Amino acid sequence: MSGQPITPLPRCDAAAREDERRLVHRLAVALRTTGFHDPGNTAVQGAIAEFLRTVRTRWAHEQVWVGVRNRCVFVNDERLRIGPSDYLNVRYLMDTFDRWNLGGITFQPGVRDAEMRSVLYELNQKSERGLEELAARARALGLKHVELTEPERESEEPAAHLPLRTYSACLDVCREIQETVREHRHIRTRRLRRVTQAVVDQLLEDESALLSMTTIKEFDDYLFTHSTNVAILSVALGQRLGFDKRTLGDLCLAAFLHDLGKILVPKGILEKPTQLDPGERAQIQQHPIHAVILLLEQEQLNQSTLRAIVAGFEHHINLDLSGYPRLTRKNSVTLFGRIICVADRYDAITTRRSYRKTTSTPHEGVRFLLEHSGTQFEPVLVKLFLEMLGVYPPGTVVGLSSGEVGVVRRPPLPGSALSRPQIRVVRGGDPGTILDLADRDAAGKHPRSVVAVLNPDDDGQLPALCGAEIEALGPIGAMIAEEVPDPPARLPVAR
Ligand SMILES: [Fe+2]
Ligand SMILES: [Fe+2]
C-alpha cells in the first residue's frame, strides 16, 4: 500500500483550466529551450524545474496526459484554448508531436528531473522512424514516469459509440489493466475513463444493442469477456436506478475491476477441470481480498477507485451476508456491491466453464436470480434485471409455437411483454429471419409465442425439436413473471 493521501476533489473549472494552460505552456517552453541549449544551461534547468513544479502542485497524486489531436492541445480530456502569447511555444510543441507521430505524453506522479531532461532532448532529435523509434529510445533510457502514447484518430471518435467497437474497446482495456497490474505499473486511468464513458454513452443511446453483446462468452479469454459483460450489465442496472453519468462511470470502472484479484490465483486452479479441493477453493475465495491489495498499490486513489475497491471486496458477499469473504462486523453491502453481485452471478452461471458439465441458459440465469431474490440478491435489482433482459434474455435458444427454433437477439422493447423478445430464426421456417414476438396479426393476436427453452450446451448443436414435443411443454412465461417480487417502497441510495 502506498500510503498516499486521497486525491482532492476537482477544483473549480476556471482554476482547473488555468492549471492546464500553465502545464502546457511550461512543457512547451521546456521543450523549446532544450531544443536550443545544452543540458547544463541554466535556462534548461529553470524551464524543467518550472514544469515539474506545476505537475507536483496540481497532479501530485494522479497522472496527467498532454496530447495533440487535429492540431488542438488537450490536457486529459480538456481541450485547451491557446492565447496569442502562448502560440509560438505551443506550435513548437505541436510540430514536435507531428514530427514523431506522437499522440501525447502521460506524466506519472513522481516524474523526475532526469527523466524530463532525457525525454525532452530525445523529442528534439531528428525523427526517422517516428514513434516506434522514440518509444525504443524511451525504453532504453528506462523512463518510468513518462509514457509516450499513439495519436488518436478523429475517425475513431464516432465509431466508439458503435456497440461492437465499444465492446472490443472494453476487452482491450480489461486486458491492458490486468497486464499493467501484473507488472506493478500504473493503470492508465485516462484511457479507462474514456472506455467507461463510451459504455455509459452507448447504453444511454441504444441499450439493447450493447446488452445483446453480453452474450459473447469467450472461453479462453473468460476474465476479459466476463469483466466486460459484468460492466455492461451493471451499468444498465445503474441506469435503471437513475444514477447520473458520473456514478455510472464509477460503477463501470468498479465492475471492470471486480475480478482483478484473480490474476494472483494460479491459472491451474482457476481452470481446473475437476472439483476443487478445500485448499484450492480457499485460494479462489481470496480473490476479492487480492483485488483490494492490488488496487491499493495504485498511487491514484480517488473516490472512483475507492468505490471500486469496496465493490471488488464485496462482490461475492450476498445480500444476507452469506458468501465470501466471511465477515463478522459488516451489516450491509453497498449498492455498487449488490449490483455487481447480480451481474457477476448471472454472467458466471451462463458462461461455459471447464469445471462444469452443463451451463445454464440465459433463461435459467434469470430464474436463478429470481429463486435467490431476497436472500442472495437485492429484490429490486432482480426485478430490474428481469425487466432489462426479459424472461428470455439475449442468447436464449427458444422453441416457438410455430415449430421454428430461434435465438433471442434483443430483449423486448420497453412496453412489450417480458416474454416477447426479438429473435433470429435458426431452424425451420426461414432461417436468418428476424421476428419480433411482440408483433400481432390482423386479428390482434400474437402469431408466435415461446413454448420451450433449449440448452445448446452440446458444442452449439441445437437439439432436435418436433411439434409434438413443443406442444407438450406448454407456455412458461406467465409463470415466471408471477415470481417477480414487489419492490420495496424506497430504493436504496448509492454509497
Ligand atoms: Fe469474483
Ligand atoms: Fe466475476
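Residues numbered from 1 in each chain as written. Chains lettered and ligands numbered in written order. Predicted model: local features only at pLDDT ≥ 70, side-chain atom pairs only at ≥ 80, totals over all residues.

Asker: Any chance you could explain the overall build of the protein here in plain terms?
Answerer: Per the secondary structure count, the protein includes 20 helices and 10 strands. Residues counted as buried form 39% of the 495 residues belonging to the protein. For the protein, long-range pairs separated by at least 24 residues make up 68% of all intrachain contacts whose partners lie at least 6 apart in sequence. (Helix = DSSP H or I, 4+ residues; strand = E, 2+ residues; numbered from the N terminus. Buried ≥ 20, exposed ≤ 12 C-beta atoms within 10 Å, placed from the backbone. Contact = placed C-beta atoms within 7 Å.)

Asker: What is the right way to read the sheet that holds strand β10 (residues 450-454) from this model?
Answerer: Strand pairing in a sheet takes place through backbone hydrogen bonds and is either antiparallel or parallel in direction. Spatial strand order, β9-β8-β7-β6-β10: five strands in an open sheet with antiparallel pairing. Strand pairing shows two members of the sheet lacking a second neighbour, β9 (434-436) and β10, which therefore form its edges. The sheet shows a mean angle of 40° between the axes of neighbouring strands, taken without regard to direction. When strand β6 (residues 397-400) meets strand β7 (residues 405-410), the two strands line up antiparallel, connected through three bridges. What sits directly across from Val-397, in β7, is Val-407. (Pairing = 2+ DSSP bridges. Axes fitted to C-alpha atoms, helices over the stretch in contact; angles between N-to-C directions.)

Asker: For this particular structure, what's the right way to read the nonpolar core?
Answerer: Inside soluble globular proteins, nonpolar side chains tend to come together where they are buried. Within the largest apolar cluster, 79 residues are counted, with the highest numbers of intra-cluster contacts made by Val-199, Val-235, Leu-237, Cys-252, Val-342 and Phe-385. Split by domain, the residues of this core number at least three in each of domain 2 (157-356) and domain 3 (397-482). In this view, Leu-237 contacts Ile-339, Val-342, Ala-343, Leu-381, Leu-384, Phe-385 and Met-388; residues no more than four positions away in its chain are not counted. (Core = buried A, V, L, I, M, F, W, Y, C linked by C-beta atoms within 7 Å. Domains from an automatic or database assignment.)

Asker: So what exactly am I meant to see when it comes to the environment of Ser-118 here?
Answerer: Along the chain, the position of Ser-118 falls in helix α4 (residues 113-123). When the C-alpha atoms of Ser-118 and Thr-34 are compared, they prove to be 9.9 Å apart, with 84 residues separating the residues in sequence. Apart from residues lying up to four places away in sequence, Ser-118 is in contact with Leu-141 and Leu-143.

Asker: I would appreciate a short explanation of the pairing of β6 in the present structure.
Answerer: Burial along β6 is two-sided: the residues Val-397 and Gly-399 and Val-398 and Leu-400 are all buried. Linking β6 back to β7 in an antiparallel pair, the connection comprises four residues, with Gly-403 at a positive phi of about 95°. The sheet contact formed by β6 and β10 spans four bridges and is antiparallel. If you follow Gly-399 over to β10, its bridge partner there is Ala-452.

Asker: Just to check I follow, could you spell out helix α2 (residues 42-58) for this structure?
Answerer: Residues three or four positions apart in an α-helix share a direction because the helix packs 3.6 residues into each turn. Its 17 residues place the ends of α2 24 Å apart at the C-alpha level, agreeing with the 24 Å of an ideal helix rising 1.5 Å per residue. The complete set of buried residues in α2 reads Val-44, Ala-47, Ile-48, Phe-51 and Val-55. Buried residues of α2, viewed axially, fall in a sector of 95°; they line one side. Turned more than 90 degrees from where α2 packs its buried face, Thr-42, Arg-53 and Thr-57 sit exposed. (Expected span 1.5 Å × (residues − 1). Arc of directions from axis to C-beta.)

Asker: Is there a simple way to think about unusual backbone geometry in this case?
Answerer: Both trends apply: most residues other than glycine have a negative phi, and most peptide bonds are in trans. Of note, the bond from Tyr-324 into Pro-325 is cis; its omega dihedral lies within 30 degrees of zero at -10°. Within the fold, Pro-325 resides in the loop between α15 (303-314) and α16 (335-349). Backbone geometry at Asn-101 places phi at a positive 55°, although glycine is not the residue there. With respect to the element layout, Asn-101 can be found in the loop between α3 (87-100) and β4 (104-107). The backbone phi angle of Leu-321 is positive, close to 70°, even though this residue is not glycine. Following the sequence through the fold, Leu-321 ends up in the loop between α15 and α16.

Asker: Sorry, what's going on with the packing of α15 against α16 here?
Answerer: When two helices pack together, their arrangement is given by the angle between their axes and by how far apart the axes lie. Contact pair α15 / α16: the axes reach a minimum separation of 8 Å and the direction vectors enclose 50°. One element, α15, and the other, α16, form an angle in the oblique class. Handedness of the α15/α16 crossing: right-handed. On the side of α15, the interface is formed by Arg-307, Val-310, Ala-311 and Glu-314, while α16 contributes Phe-336, Gly-337 and Ile-340. By residue class, the composition of the contact of α15 with α16 is four nonpolar, one polar and two charged. (Parallel < 35°, antiparallel > 145°, perpendicular 65-115°, else oblique. Left-handed = near helix turned anticlockwise from the far one by under 90°. Nonpolar A, V, L, I, M, F, W, Y, C, P; charged D, E, K, R; others polar.)

Asker: What is the right way to look at the sheet that holds strand β5 (residues 146-149) in this model?
Answerer: On the basis of which strands lie adjacent, the open sheet formed by five strands has the order β3-β2-β1-β4-β5 and antiparallel pairing. Every interior strand has two partners, whereas the edge strands, β3 (78-79) and β5, have only one.

Asker: Teacher, can you tell me more about the packing of helix α10 (residues 222-240) against helix α18 (residues 379-389) here?
Answerer: It is the contact of α10 with α18, at a shortest axis distance of 10 Å, that shows an interaxial angle of 105°. Overall, the two elements α10 and α18 adopt an arrangement that is roughly perpendicular. Contacts between α10 and α18 pair Ala-236, Leu-237 and Arg-240 from the former with Leu-381, Leu-384, Phe-385 and Met-388 from the latter. In terms of residue class, the contact of α10 with α18 is built from six nonpolar, no polar and one charged.

Asker: Mind showing me how you'd approach helix α17 (residues 362-371) here?
Answerer: Of all the positions in α17, only Pro-362, His-363, Gly-365, Val-366, Leu-369 and Leu-370 are classed as buried. Down the axis of α17, the buried side of the element spans an arc of 160°, and every buried residue falls inside it. On its buried face, α17 is in contact with α16, α18 and β10.

Asker: Before we go on, may I ask you to explain the environment of Ala-231 in this structure?
Answerer: Turning to its location among the elements, Ala-231 is positioned in helix α10. Sequence separation of Ala-231 and Ala-254 is 23 residues, and the distance between their C-alpha atoms is 7.8 Å. For Ala-231, the residues in contact, after removing those within four places along its chain, are Cys-170, Val-199, Cys-252, Ala-255 and Phe-256.

Asker: Mind showing me how you'd approach the confidence of the model for the protein here?
Answerer: Low-pLDDT stretches of the model should not have their predicted coordinates read in fine detail. Averaged over all residues, the pLDDT of the protein equals 81, while 84% of them reach at least 70. Within the protein, α16 carries the highest mean pLDDT (95), whereas helix α20 (residues 477-482) carries the lowest (31). Considering only residues more than four positions removed or in separate chains, one finds that residues 155-161, a stretch of pLDDT under 50, has 10 contacts. In this model, residues 458-495 is a region of pLDDT below 50 whose contacts with residues beyond four sequence positions or in other chains number 51 contacts. (pLDDT = per-residue confidence, 0-100.)

Asker: Looking at this structure, I do not really get the environment of Gly-130. What am I missing?
Answerer: Note on placement: Gly-130 falls in the loop between α4 and α5 (131-141). Under the C-beta neighbour-count criterion, Gly-130 is labelled exposed, with 12 such atoms within 10 Å. Taking C-alpha positions, Gly-130 is 5.8 Å from Asn-101, a pair spaced 29 residues apart along the chain. In contact with Gly-130, not counting residues within four places along its chain, are Trp-100 and Asn-101.

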